[in-house]
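Single-letter residue listing:
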Amino acid sequence: MIIDDVRIPNDLLDAMKNNNFVVFVGAGVSMGNPTCLPSFKKLVELIQSNTGETYDESETYERFLGRLNSKNIDVHKKAAEQLIGKNLKYNDLHSYIINLFKNIDDIKIVTTNYDTMLEQALETGGHSGIDVYNTPALPLGDNFKGIVHIHGNVQNPDSMILTDEDFGKAYITEGYVSRFLIKLFENNNVLFIGYSYDDTIVKYLTRAITTYGNNKRFILIGSESNDFDLLGIKSVCYGDENFKTLYKIVNHLGEVNHRSLLDWKDIIQDYALNPPIDSLLRSEIEDCLLDEAKSFILSKTIHGEKWFEWLYKNKVFDAIFNESLELTKNDMTWLNWFVDEFLGKNDDLIYKTILNYHNYVNDSLISKIFEKLINEKFEISNQNYCKYVALF
């Protein structure tokens, strides 16, 4: 699927379709309007203000916050004050992320954000009863549903992981976050949204990524990062600062994941005789060719040479013109479409296609053609009948 010139990996689409994925939500998600919350770097600057302390660029942000905390500056309280507001409101991206899941009861969202905008979006949408976990009381990483705040949230400021000591406990000495993440990464496909490799948070998250299992990891990111690739995380790049495209991608992925087969049929019916011009819809149809149920609906809806040309360019017929392949159910769908659509109606197209494939024809196609030819009710000229006999 291609959305605004951004190729979405089929593995990600499959994970969403099978409800076998977890979304990681980073600070970038809560920085958009109307939420406008700060990045971790900006949060540190806000905590620093009016403390009389100066940040030393040689130290990490979490170490600086630890230094403030050691001087009896309550960084947890100050952080919570910066992230709570009476008029604070979730943004569209929060809603789009929730909508990525087909069933609201099956959402699996892990966030390093301290805010509760996801919960606000759920509540506003009329959804209640969703489990919410807050560090250090985390669920099992291989068996959970709901929203997990692995770095705490503003409802309990003392639990917020901010200082070097906090991170040390969570990821090393007590290890409750790292244990959760290791099991999660081993057992789930993962989509990261709202992160960049320079984020302080990311260096802790990535320590827990293992190479065990066959699960996939993806990140929606402005520009490609070799650092993520080395961790086995596939970058899906929407363009630097191009947040409009990011919103569109997440929104459309949710819409597609919620579509039923009847919805799909309704969309295709408008293009029964001509493939759509819209690049997004064309890319969706390309993806549907890999799905047996959607392919079957498509085959019962579309007609004519223009669709044949489109299918031919997308190599849909390659298998049925291969003598040695055992055809799949999907291959048989398009074999039947090809014969039913053109045998006795446009035999020249069939001859031409056979020649284009250098006279290589799968036995299943030959059987289907003769099955129709020997039917007494099937009308075909003697000349064309004899041509098929001579060909095979």
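Relevant structure appears above.
The shown structure was predicted, so the numbers you read here are calculated from the model rather than taken from an experiment.

Let's shift gears to the overall build of the chain. Counting secondary structure elements, the chain contains 19 helices and nine strands. Taken over C-alpha atoms, the radius of gyration comes to 28 Å for the chain, far larger than the 21 Å a tight globule of 392 residues would show. In terms of its C-alpha atoms, the chain occupies a principal-axis envelope of roughly 100 × 40 × 35 Å. By the burial criterion, 51% of the 392 residues in the chain qualify as buried. A sequence separation of at least 24 residues applies to 69% of the contacts in the chain between residues at least 6 apart. Total accessible area computed for the chain in this model is approximately 19800 Å², and 46% of it derives from carbon and sulfur atoms. The average position of the 39 basic charges and that of the 57 acidic charges among the side chains of the chain differ by 1 Å.

Here we take up the layout of surface pockets. Taken as a whole, the largest pocket spans an internal volume of roughly 960 Å³. What lines the largest pocket is a set of 40 residues, among which Gly28, Met31, Gly194, Ser196 and Asp199 lie closest to the centre. Those elements that provide at least two residues to the lining of the largest pocket are helix H2 (40-48), helix H9 (200-205), strand E8 (217-221) and helix H11 (243-258). Partitioned by chemical class, the residues of the lining of the largest pocket number 21 nonpolar, twelve polar and seven charged. Its volume calculated, the second largest pocket comes out at about 500 Å³. What lines the second largest pocket is a set of 21 residues, and nearest its centre among them are Leu13, Lys17, Val256, Asp291 and Lys294. Among the elements of the structure, helix H1 (10-17), H11, helix H12 (261-269), helix H13 (279-288) and helix H14 (292-299) are those that each provide at least two residues to the lining of the second largest pocket.

Turning next to the environment of histidine 151. Examined against the element boundaries, histidine 151 turns out to sit in the loop between strand E6 (146-149) and helix H7 (164-173). According to the relative accessible area criterion, histidine 151 is buried, its value standing at 0%. Distance in space between the C-alpha atoms of histidine 151 and valine 110 is 9.8 Å, their sequence separation being 41 residues.

The subject of this paragraph is the packing of helix H16 (residues 329-342) against helix H18 (residues 363-373). The description of two packed helices rests on the angle between their axes and on the distance between the axes. Direction vectors running N to C along H16 and H18 enclose 40 degrees, while the axes themselves pass 10 Å from each other. What the angle tells us is that H16 and H18 run oblique. For the crossing formed where H16 meets H18, the hand is right-handed. Of H18, the residues touching H16 (which contributes Met332, Leu335, Asn336, Phe338, Val339 and Asp340) are Ser364, Leu365, Lys368, Ile369 and Lys372. For the contact of H16 with H18, the residue count by class is six nonpolar, two polar and three charged.

Below, the discussion takes up empty space enclosed by the protein. Any space left empty among the atoms is revealed by the rolling of a water-sized probe across them. The full count for this structure, using the stated rule, is one cavity of 30 Å³ or more. Each pocket or cavity is described by its volume, and for the largest cavity that value is around 50 Å³. Considering the residues around the largest cavity, the lining is formed by Phe192, Tyr195, Val202, Leu205, Thr206, Ile209, Ile219, Phe228 and Ile233. A breakdown of the residues in the lining of the largest cavity according to their chemical character gives eight nonpolar, one polar and no charged.

On to the pattern of salt bridges, then. If the charged atoms of two oppositely charged side chains come close together, the side chains can form a pair. As enumerated under the stated definition, the model contains twelve salt bridges in all. Among the salt bridges present, the one from lysine 42 reaches glutamate 45, with a minimum N-O distance of 3.8 Å. Linking lysine 42 with glutamate 45, this pair stays in helix H2, spanning three residues, or about one helical turn. Since its relative accessible area comes to 41%, lysine 42 is described here as partly exposed. Look at glutamate 45 and you get partly exposed, because its relative accessible area is 37%. Its salt-bridge partner being lysine 71, residue glutamate 53 comes within 3.0 Å of it at the nearest N-O pair.

Turning to its location among the elements, aspartate 263 is positioned in helix H12. The class for aspartate 263 is partly exposed, based on a relative accessible area of 35%. Spatially, the C-alpha atoms of aspartate 263 and tryptophan 334 are 21 Å apart, while their sequence positions differ by 71 residues.

Together, Asp198, Glu224, Asp227 and Asp229 give the surface a local cluster of negative charge. Here glutamate 224 is to be found in the loop between E8 and helix H10 (226-230). Overall, the relative accessible area of 53% leaves glutamate 224 in the exposed class.

About the criteria used
What you see as residue numbers is a count from 1 along each chain, following the sequence as written. The predicted nature of this model means local features are confined to residues of pLDDT at least 70 and side-chain atom pairs, given and counted, to a pLDDT of 80 or more, with totals for whole chains, interfaces and linings taken over all residues. The basis for the side-chain values is all heavy atoms of the structure; hydrogens and waters are excluded. Put simply, DSSP marks the helices as runs of H or I at least four residues long and the strands as runs of E at least two long, and each gets a number from the N terminus on. Between the two quantities, the radius of gyration covers C-alpha atoms and the globule rule is 2.2 Å times the number of residues to the power 0.38. The rule is simple: take the accessible area with a 1.4 Å probe, protein chains only, and divide by the maximum for that residue type; under 20% is buried, over 50% is exposed, in between is partly exposed. We call two residues in contact when some of their heavy atoms are within 4.5 Å. We get accessible surface area from the Shrake-Rupley algorithm with a probe of 1.4 Å; when it comes to residues, only the shown protein chains can shield them. Charge convention: Lys and Arg are scored as positive, Asp and Glu as negative, and His as well as the terminal groups of each chain are ignored. The location of each charge is read from NZ of Lys, CZ of Arg, CG of Asp or CD of Glu. A cavity here means a set of points on a 1 Å grid, drawn over the protein atoms and nothing else, where a 1.4 Å probe fits but cannot get out; a pocket is an open set with protein on both sides within 12 Å along at least five of seven lines, and a residue lines either one if it has an atom within 4 Å of a point. Grid points are joined across faces, edges and corners, and a volume is the space filled by probe spheres set on the points. Classes in brief: Ala, Val, Leu, Ile, Met, Phe, Trp, Tyr, Cys and Pro nonpolar; Asp, Glu, Lys and Arg charged; the others, Gly included, polar. Axis definition: a line fitted to C-alpha atoms, limited for helices to the stretch in contact. Angles are taken between N-to-C directions and run from 0 to 180 degrees. The labels follow the angle: roughly parallel below 35 degrees, roughly antiparallel above 145, roughly perpendicular from 65 to 115, and oblique for the rest. Definitions for this section: a left-handed crossing has its near helix turned counterclockwise from the far helix by less than a right angle. A right-handed crossing has that turn clockwise. A pairing counts as a salt bridge when a side-chain nitrogen of Lys or Arg comes within 4 Å of a carboxyl oxygen of Asp or Glu. Patch criteria: residues need more than 30% relative accessible area and no salt bridge. Like-charged residues are merged within 9 Å; nonpolar side chains of Val, Leu, Ile, Met, Phe, Trp and Tyr are merged within 5 Å.

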